[in-house]
Amino acid sequence: MNSSLVVDVAIAGGGIIGLSLALELRQRGLSVAVMERGHAMSSASWAAGGMLAVNDPQNPLKLLPLCIRSWALYPSYLARIEALSGRPVPLRTQRALQEQKPEGGLGGTATAAEIAELAPGLDPGGHSFAWLDEGSIDPNDLREALPAAVRAAGGTLLEETEVLSVETTGRGIVVETLRERISAGMLVNCCGAWAGGRRLGGVPVEPVKGQMANLRCAPELLRCVVRTAGVYLVPRGDGRVTIGATLEHAGFDETVESSLIRPVIDAALRLLPEASLPSPLDAWAGLRPGTPDDLPILGAAKLENCWHATGHYRDGILLAPVTARVMAQAMLGETPDVSLDAFSPARFGSD
Ligand SMILES: Cc1cc2nc3c(=O)[nH]c(=O)nc-3n(C[C@H](O)[C@H](O)[C@H](O)COP(=O)(O)OP(=O)(O)OC[C@H]3O[C@@H](n4cnc5c(N)ncnc54)[C@H](O)[C@@H]3O)c2cc1C
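As the structure is a prediction and not an experimental result, all values here were calculated from the model.

Going through the model one piece at a time under the given rule, you end up with three aromatic pairs. Between Trp46 and Trp284, the ring centres sit 6.1 Å apart and the planes meet at 45°, which makes this aromatic pair tilted. Highlighted residues: Trp46 in helix H2 (residues 44-47) and Trp284 in strand E13 (residues 283-290), separated in sequence by 238 residues. For Trp284, a relative accessible area of 13% translates into the label buried. Aromatic side chains Tyr74 and Tyr77 sit 5.2 Å apart centroid to centroid with 70° between the ring planes, which places their arrangement in the edge-to-face category. Of this pair, Tyr74 and Tyr77 both sit in helix H3 (residues 64-85), separated by three residues, roughly a single helical turn. Comparing Tyr74 with Tyr77 shows no difference in burial state: the two are buried. Above the plane of the ring of Trp194 lies Arg37, whose end atom (NZ or CZ) is 4.8 Å from the centre.

Another aspect to go through is the site of the ligand. Around the ligand sit 37 residues, and of these Glu36, Ser45, Met51, Arg314 and Leu318 come closest. Between an oxygen atom of the ligand and a main-chain N or O atom of Ile17, the distance comes to 3.1 Å. Within the backbone of Gly316, an N or O atom sits 3.0 Å from an oxygen atom of the ligand. Taken by itself the ligand offers 1,000 Å² of open surface, and the protein chains cover 98% of this. Elements with a contribution of two residues or more to the shell around the ligand: helix H1 (16-27), H2, strand E9 (206-216), E13 and helix H7 (316-331). Broken down by element, the shell around the ligand gets its largest block of residues, four residues, from E13. Class assignment for the residues of the shell around the ligand results in 17 nonpolar, 13 polar and seven charged. Here the shell around the ligand spans two domains, since at least three of its residues come from each of domain 1 (3-82 + 139-205 + 292-348) and domain 2 (96-132 + 206-290).

Attention now moves to the side chain of Thr161. Mapped onto the elements of the fold, Thr161 is located in the loop between strand E5 (156-158) and strand E6 (163-168). Within the structure, the side chain of Thr161 is placed 2.8 Å from the backbone oxygen of Glu159, a separation counted as a polar contact. Look past the residues within four positions of Thr161 in its chain and what remains in contact with it is Met35, Glu36, Arg37, Thr177 and Arg179.

One frequent convention defines the size of an interface as the accessible area lost when the parts assemble. Here the domain parsing of the protein yields domain 1 (3-82 + 139-205 + 292-348) and domain 2 (96-132 + 206-290). With centres defined by C-alpha atoms, the gap from domain 1 to domain 2 works out at 28 Å. Summing the contributions of domain 1 and of domain 2, the shared interface buries around 1,800 Å²; its carbon and sulfur component is 64%. Together, Met51, Ala193 and Tyr313 form the three largest contributors to the area buried by domain 1 at its contact with domain 2, with a combined 31%. Where domain 1 meets domain 2, there are one salt bridge. Of the charged contacts in the structure, one is a salt bridge between Asp56 and Arg227, with a shortest N-O distance of 3.7 Å. In this assembly, domain 1 and domain 2 are joined by three residue pairs in polar contact (both at pLDDT 80 or more).

Thresholds, definitions, all that
- Residues numbered from 1 in each chain as written.
- Predicted model: local features only at pLDDT ≥ 70, side-chain atom pairs only at ≥ 80, totals over all residues.
- Heavy atoms only, no water.
- Phe/Tyr/Trp six-rings, centres within 6.5 Å; stacked < 30°, edge-to-face > 60°.
- Helix = DSSP H or I, 4+ residues; strand = E, 2+ residues; numbered from the N terminus.
- Buried < 20%, exposed > 50% of the residue type's maximum accessible area, 1.4 Å probe, protein only.
- Lys NZ or Arg CZ within 6 Å of the ring centre and 35° of its normal.
- Near = heavy atom within 4 Å.
- Polar contact = N/O pair within 3.5 Å; in protein donor to acceptor, adjacent residues only side chain to side chain.
- Areas by Shrake-Rupley, 256 points an atom, 1.4 Å probe, with all protein chains shown as cover.
- Nonpolar A, V, L, I, M, F, W, Y, C, P; charged D, E, K, R; others polar.
- Domains from an automatic or database assignment.
- Contact = heavy atoms within 4.5 Å.
- Buried area = accessible area lost by both parts, 1.4 Å probe.
- Salt bridge = Lys/Arg side-chain N within 4 Å of Asp/Glu carboxyl O.

Here is the structure:
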């Protein structure tokens with residue numbers, strides 16, 4: 001017989017989005033339970049590069065206000081997680097070299113002398129780069145820290161607890177899992193690439209696979225992110241340089257295929273010739289929650305008392321603090337810091 005739990009808000013999905021929202025709601029005094037099918041922070045939120053790429057030219061323009069607000073929230077977000085968990089989550093880099101078109105457009109072109117200071121190991125080849133003031137974190141740092149912070153804040157985190165069904169009642173919702181029945185005032189769908197499942201309301205989220213790898217390199221040779229159209233390099237400051245990523249529509253497959261990651265590795269080695277590839281290959285894959293317009297889905301679902309916070313595609317690490325904040329504001333009837341009009345689930349007509 002299932003045991004029973006009663007909370008203000010039930011959150012489906014224990015990735016960075018669900019857990020960050022749980023923290024924000026706890027800060028506002030609400031009781032929360034996060035239900036995670038597997039282990040928290042083990043899906044896209046662990047696989048990610050960790051770039052906080054506010055001004056990535058590949059981002060849709062409509063995303064910019066959310067990106068800017070989230071980057072502004074990052075210092076207090078990390079400080080809170082560190083204070084609650086007792087684990088450090090540092091910014092591993094504070095600047096990025098972004099490839100720009102020969103005609104410029106991103107700001108001043110980085111000079112050879114500037115590049116030599118933060119990236120003496122970089123061989124720019126034919127690329128022209130501009131500096132961006134953006135940070136990066138190592139998602140591995142959050143893997144333990146974020147779940148610990150949620151628990152320390154008084155949130156309930158139920159792992160190996162898959163949401164099987166959701167029913168609305170007059171006053172809230174009832175969530176069935178194999179282990180527990182959870183009654184809550186509201187439910188939030190934070191299931192990442194799996195958020196489109198019918199039982200969670202049918203939003204158009206599709207998995208977009210990304211394969212990643214670690215190179216080894218003396219830390220002083222690269223101390224900033226480097227991003228070109230074909231590859232990015234994210235130094236961790238300890239000899240690892242995380243590189244990525246492929247963009248594949250391959251369903252829910254999460255296997256590494258060396259024939260597909262190899263061109264990414266070759267492009268990275270051309271930019272950082274003194275780096276080496278560990279043997280065996282240190283590579284992995286994750287599933288980005290993609291949407292038809294590359295924008296997240298944030299707002300009320302059709303189903304009463306249910307909400308969506310998903311579809312963060314390539315930027316969920318960056319967007320976690322602002323998502324937590326604007327979702328909490330919307331759910332509590334406040335005006336969100338950033339208008340959610342462009343991110344409404346209703347824009348697809350499906351939910
Ligand atoms: C290769 C790669 C590189 C990336 N690089 C970056 C980057 O540099 N910067 C950046 O900002 N973003 C990056 N991203 C994007 C970022 O990782 C995602 O946008 C973000 O992690 C999404 O977080 P999430 O919590 O929505 O999803 P996830 O972390 O995938 O979490 C969703 C969770 O829901 C659980 N779940 C699913 N169904 C159920 C159910 N029925 N019941 C209970 N639980 C369920 C899953 O088990 C999973 O743990 C990258 C992603 C990938 C794959």
